Amino acid sequence: MEPLLCSTGALITSKNGRDYKLLKDLARALDCDAFEFLMYSSWYDEWERVAQEVAALGLSFPIFHVEKRVGTAISRNAEGDLEEAAKLFEINCHMAELIGAKKLVFHLWDGEPSDRDIGNNIRQYAVMDTIAKQHGLLLTVENVVCNRENPLKHLGQLHEAYPDIAFTFDVKFAQFHGELETACTQNYNWLWDGAVQHVHISDYAGGLMEWGKLRSLHPGEGEIDYRAFFAHLRKMGYQGSVTIESTSVLGDGSVDVDRMNESLGFLRTLMKG
């Protein structure tokens, strides 16, 4: 498995002004191989400047997390929403290309409307995938939370409609829906036979669909059995990338580098087996 990435969303939040320039010093202090860059909606008006300044940091951003409002617009599907989603998605692709990313993480459904009309979301995947390919990017759909059905069901529907589709598998979201163990059973070997191209890591300390506890905890702060999960990845021959998303920003906006490095070290050990 390689490489081990850290999400910028775990480091750069509203508490420190979403100041991505902080990544320069953080990169020297963190034991990660690269970063997954999370796009915020507040950057759309100045996206070109943001992309240029991020690229100038000289850091590696192999993965770009598409801003979540795109998926919300697709799910809402009111007048003009699909056009707006395509417009915003295009901006995300431009930014990803400018900072050197190769893969996109995408919430195909999101927000309150979520998966209420999943057929529409599944159809819109083709539109977004076409745009991503025009920018030389691999689009991966994440198993984000649902409020009607469940993520594994939708991943199966997407795989049936688009056999070559790629996924990002988020362990926290899987645990939230009580699907993590299920996803590691023989019936879902198709997920790990090339479909999953990226993995998201953070812990979850709640019960089944306990919305109030849907936070990105560090490994060991919740109930996820990471040793069993990574043993499954090794058994299935997974060779893709891994990103930690555990929130590490303190109340004063500083980053708990020691805690993040502790988690990165734990994951690196598991990845090596």
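**Some words on unusual backbone geometry**
Omega for the bond connecting Glu2 with Pro3 falls within 30 degrees of zero, at -15°, which places this linkage in the cis form. Assignment of secondary structure puts Pro3 in the segment before strand 1 (4-7). For Ser114, which is not glycine, the phi torsion reads 40° and is therefore positive. Relative to the helices and strands, Ser114 resides in the loop between strand 4 (103-106) and helix 5 (118-134). Of note, the phi angle at Met209 is positive, near 50°, even though the residue is not glycine.

**A short note on the packing of helix 4 (residues 81-98) against helix 5**
Viewed as axis vectors pointing N to C, helix 4 and helix 5 meet at an angle of 35°, and their least axial separation amounts to 10 Å. Two packed elements cross with a definite hand, and for helix 4 against helix 5 that hand is right-handed. For the pair helix 4 and helix 5, the contacting residues are Leu82, Ala85, Ala86, Phe89, Glu90 and Cys93 in the first and Asn120, Gln124, Met128, Ile131 and Ala132 in the second. Tallied by class, residues from the contact of helix 4 with helix 5 come to eight nonpolar, two polar and one charged.

**Considerations on helix 6 (residues 151-161)**
All of the buried residues along helix 6 are Pro151, Leu152, His154, Leu155 and Leu158. Looking straight down helix 6, one finds its buried side chains confined to an arc of 160°; they lie on one side. Packed against the buried residues of helix 6 are helix 5, strand 5 (138-142), strand 6 (166-170), helix 8 (180-183) and helix 9 (189-195).

**Overview of helix 2 (residues 47-55)**
Of the residues making up helix 2, those classed as buried are Trp47, Val50, Ala51 and Val54. Buried positions in helix 2, seen along its axis, are confined to an arc of 95° and lie on one side of it. Check the buried side of helix 2 and you find it contacts strand 2 (34-38) and helix 4.

**Topic: the pairing of strand 4**
Here strand 4 shows two buried faces, one formed by Lys103 and Val105 and the other by Leu104 and Phe106. Here strand 3 (residues 63-65) pairs with strand 4 via three bridges, running parallel. Looking across to strand 4, one finds that Phe64 is bridged to Leu104. Across four bridges, strand 4 lies against strand 5 in parallel orientation. Along strand 5, the bridge assignment pairs Phe106 with Val141. As for the winding sense of the linkage, the β-α-β connection from strand 4 through helix 5 to strand 5 is right-handed.

Definitions and limits used
Residues numbered from 1 in each chain as written. Predicted model: local features only at pLDDT ≥ 70, side-chain atom pairs only at ≥ 80, totals over all residues. Heavy atoms only, no water. Helix = DSSP H or I, 4+ residues; strand = E, 2+ residues; numbered from the N terminus. Axes fitted to C-alpha atoms, helices over the stretch in contact; angles between N-to-C directions. Left-handed = near helix turned anticlockwise from the far one by under 90°. Contact = heavy atoms within 4.5 Å. Nonpolar A, V, L, I, M, F, W, Y, C, P; charged D, E, K, R; others polar. Buried < 20%, exposed > 50% of the residue type's maximum accessible area, 1.4 Å probe, protein only. Arc of directions from axis to C-beta. Pairing = 2+ DSSP bridges. Right-handed = clockwise from strand over helix to strand, strands pointing away.

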